[in-house]
Amino acid sequence: MKILITGGAGFIGSHVVRRFVTHYGNYQIFNLDKLTYAGNLQNLTDIDKSPNYQFIKGDITDAPFIQSLFNTHAFDAVIHLAAESHVDRSITSPLDFIKTNVEGTLQLLQAANACWQNKTHKHLFYHVSTDEVYGSLGKTGFFTEETPYNPQSPYAASKAASDHLVRAYQNTYQLPTVISNCSNNYGPNHFPEKLIPLAINNIKNNLPIPIYGKGENVRDWLYVEDHAAAIDLIFHKGTVGETYNIGGHNEWHNIDVIKLLCQIMDEALNRTAGTSAQLITYVKDRAGHDLRYAIDSGKLQHTLGWQPSLNFEKGLRQTVSWYLNNETWLNNVTSGAYKNYYQMQYGNR
Ligand code: NAD
Ligand code: DAU
């Protein structure tokens, strides 16, 4: 089985690549990644010499390149994670999101469809998507697989468009596809533009922790390895043409996440209790900030038996330890372009 994983040098992709390379020695895993600011081969140094692993640097929007890649390798399946993934960047540079998330997905669908004219049971295009396609919830309710799409940010709209294209290829060309929509991930290798790793880095360096608005927005957090396990399960046992929601049943107001993180960081850094919380700084809200996400993952739990394995506090402690033990990784990704991004994003808030 030859599997193309796109975006495998990113946060979630690197955990998916590691899981497939280490659990399935009989599969050939090809990791295609453009290595944007978010892609980092340092995420995979523990497995990059494995005989069943190959890295390919390339852009999913480059049609001739993608077609020739499929012609050369005749992949049996695709697990598609490559994307522009940060909501704040989508507010300042929406076109980048349309290019990669919509056009890039279309090029992959096109190449897979051309390659898989004689379809076998092995062929599958697995599209990894987000709960943000469903929009924002009020104080109650959950997103199910039947919730109508109502994306609110350019990022969410671009992911919604890519989901629609995947379903259109399934319907029009009978391309075997599956989609999963997951809630907020956290864990090792998370790029420090996102709330949790940004706060860890700032607390470590005694810098303000920026909280948008009043910190009342709610996210449903899932440890990244639990997402990778769900992807593995759906890839092998999911039904073609179906959609699966993945989530942690773990809703937290942003401010409460940060207070817990401050407590864990105080302990880890041997600081007096309450020291890190003094860094909390309320700043101008994100434009169009979605109030609440909460996933009903009942379908995945009941039909395929998936369960999240870690409770949040344990997962956060593991995450903090990883960042404190991987200082070189953190210093590398927060130098250079990151400093410009940080200034642009937070300088005037
Ligand atoms: P990430 O930003 O950490 O990684 C994205 C990866 O894609 C990077 O390695 C980057 O180099 C690569 N990439 C970007 N543009 C590319 C292109 N044109 N060609 C090839 N590679 C390209 O993202 P992530 O947080 O790991 O998210 C991975 C996927 O999971 C995305 O599709 C995202 O929408 C989805 N998702 C993320 C979350 C989350 O909480 N992070 C939750 C649900 C779904
Ligand atoms: O729900 C899944 C989505 O989760 C994924 O599809 C996205 O790729 C991923 O980035 C994430 O989106 P969010 O916008 O929810 O994640 P982020 O870490 O950027 O923000 C989490 C919450 O914290 C959100 O309410 C905004 C807030 N926030 C974020 C940052 C970066 C702050 O208060 N301050 C900050 O500095």
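Details of the structure are given in the entry above.
The paragraphs below set out a description of the structure included in this document. Everything numeric here is computed off the predicted structure, so don't read it as measured data.

Definitions and cut-offs
Residues numbered from 1 in each chain as written. Chains lettered and ligands numbered in written order. Predicted model: local features only at pLDDT ≥ 70, side-chain atom pairs only at ≥ 80, totals over all residues. Heavy atoms only, no water. Helix = DSSP H or I, 4+ residues; strand = E, 2+ residues; numbered from the N terminus. Polar contact = N/O pair within 3.5 Å; in protein donor to acceptor, adjacent residues only side chain to side chain. Contact = heavy atoms within 4.5 Å. Buried < 20%, exposed > 50% of the residue type's maximum accessible area, 1.4 Å probe, protein only. Pairing = 2+ DSSP bridges. Right-handed = clockwise from strand over helix to strand, strands pointing away. Axes fitted to C-alpha atoms, helices over the stretch in contact; angles between N-to-C directions. Parallel < 35°, antiparallel > 145°, perpendicular 65-115°, else oblique. Left-handed = near helix turned anticlockwise from the far one by under 90°. Nonpolar A, V, L, I, M, F, W, Y, C, P; charged D, E, K, R; others polar. Near = heavy atom within 4 Å. Areas by Shrake-Rupley, 256 points an atom, 1.4 Å probe, with all protein chains shown as cover. Core = buried A, V, L, I, M, F, W, Y, C linked by side-chain atoms within 4.5 Å.

Our next topic: the side chain of Thr243. Looking at the element boundaries, Thr243 is found in strand β10 (residues 243-246). In terms of polar contacts, Thr243 uses its side chain to reach the side chain of Arg167, at 2.8 Å. Leaving out residues up to four positions away in the same chain, Thr243 has contacts with Tyr134, Glu145, Arg167, Ile179, Asn181 and Lys299.

Counted residue by residue, strand β1 (residues 2-6) has four buried out of five residues, so it is predominantly covered. The pairing of β1 with strand β2 (residues 28-33) spans five bridges and is parallel. Note that in β2 the partner of Ile3 across the bridge is Ile29. Taken together, β1, helix α1 (residues 11-23) and β2 constitute a β-α-β crossover, and its handedness is right-handed.

At a closest axis distance of 11 Å, the pairing of helix α6 (residues 195-204) and helix α8 (residues 254-268) adopts a crossing angle of 40 degrees. By the criterion of interaxial angle, the relationship of α6 to α8 is oblique. You can see that α6 and α8 cross each other, and the crossing is right-handed. Contacts between α6 and α8 involve Leu195, Ile196, Ala199, Ile200, Ile203 and Lys204 on the former and, on the latter, Asn254, Val257, Ile258, Leu261, Cys262 and Met265. Considering only residue class, the contact of α6 with α8 consists of 10 nonpolar, one polar and one charged.

This next bit is on the sheet that holds strand β11 (residues 251-253). If you walk across this open sheet you meet the three strands as β7-β9-β11, and the pairing is mixed. Bordering the open sheet on either side are β7 (184-186) and β11, each of which pairs with just one other strand. Ignoring which end each strand starts from, the neighbouring axes of this sheet average 50 degrees apart. For strand β9 (residues 218-223) and β11, the ladder comprises three bridges, and the chain directions are antiparallel. Each residue of the ladder has a partner; that of Val218, found in β11, is His253.

Turning our eyes to something else, we now look at the environment of Phe191. If you trace the backbone, Phe191 turns up in the loop between β7 and α6. A relative accessible area of 10% places Phe191 in the buried class. Phe191 has contacts with Tyr37, Ala38, Arg89, Pro197, Trp329, Val333 and Tyr338, leaving out every residue within four places of it along the chain.

Taken together, 28 residues surround ligand 1, and among them Ile12, Asp33, Ser85, Tyr155 and Lys159 come closest. Between Ile12 and ligand 1, the recorded distance is 2.8 Å, taken from a backbone N or O atom to an oxygen atom. The side chain of Ser85 places a nitrogen or oxygen atom 2.7 Å from an oxygen atom of ligand 1. Burial of ligand 1 by the protein chains amounts to 97% of its free accessible area of 830 Å². In terms of residue count, strand β5 (residues 124-130) provides more of the shell around ligand 1 than any other element does, three residues in total. For the shell around ligand 1, the per-class residue count stands at 12 nonpolar, 12 polar and four charged.

This brings us to the nonpolar core. By size, the foremost hydrophobic cluster in this structure holds 35 residues, and its most contacted members are Ile5, Phe20, Ile29, Ile79, Tyr126 and Ile246. Elements that contribute at least two residues to this core include exactly β1, α1, β4 (77-80), β5, β6 (177-182), α7 (224-237), β10 and α9 (298-304). For this core, the leading source of residues is α7, giving seven residues. Sequence-distant contacts of Ile29, that is, excluding residues within four places in its chain, are made with Ile3, Ile5, Val17, Phe20, Val21, Asn52, Tyr53 and Gln54. In terms of nonpolar packing, the next biggest core, distinct from the first, is built from 33 residues, Tyr186, Trp221, Leu316 and Val320 among them.

Residue placement: Ile29 occurs in strand β2. Judged by its relative accessible area of 0%, Ile29 falls in the buried class. Sequence spacing of Ile29 and Lys2 is 27 residues, and the spatial spacing of their C-alpha atoms is 6.2 Å.

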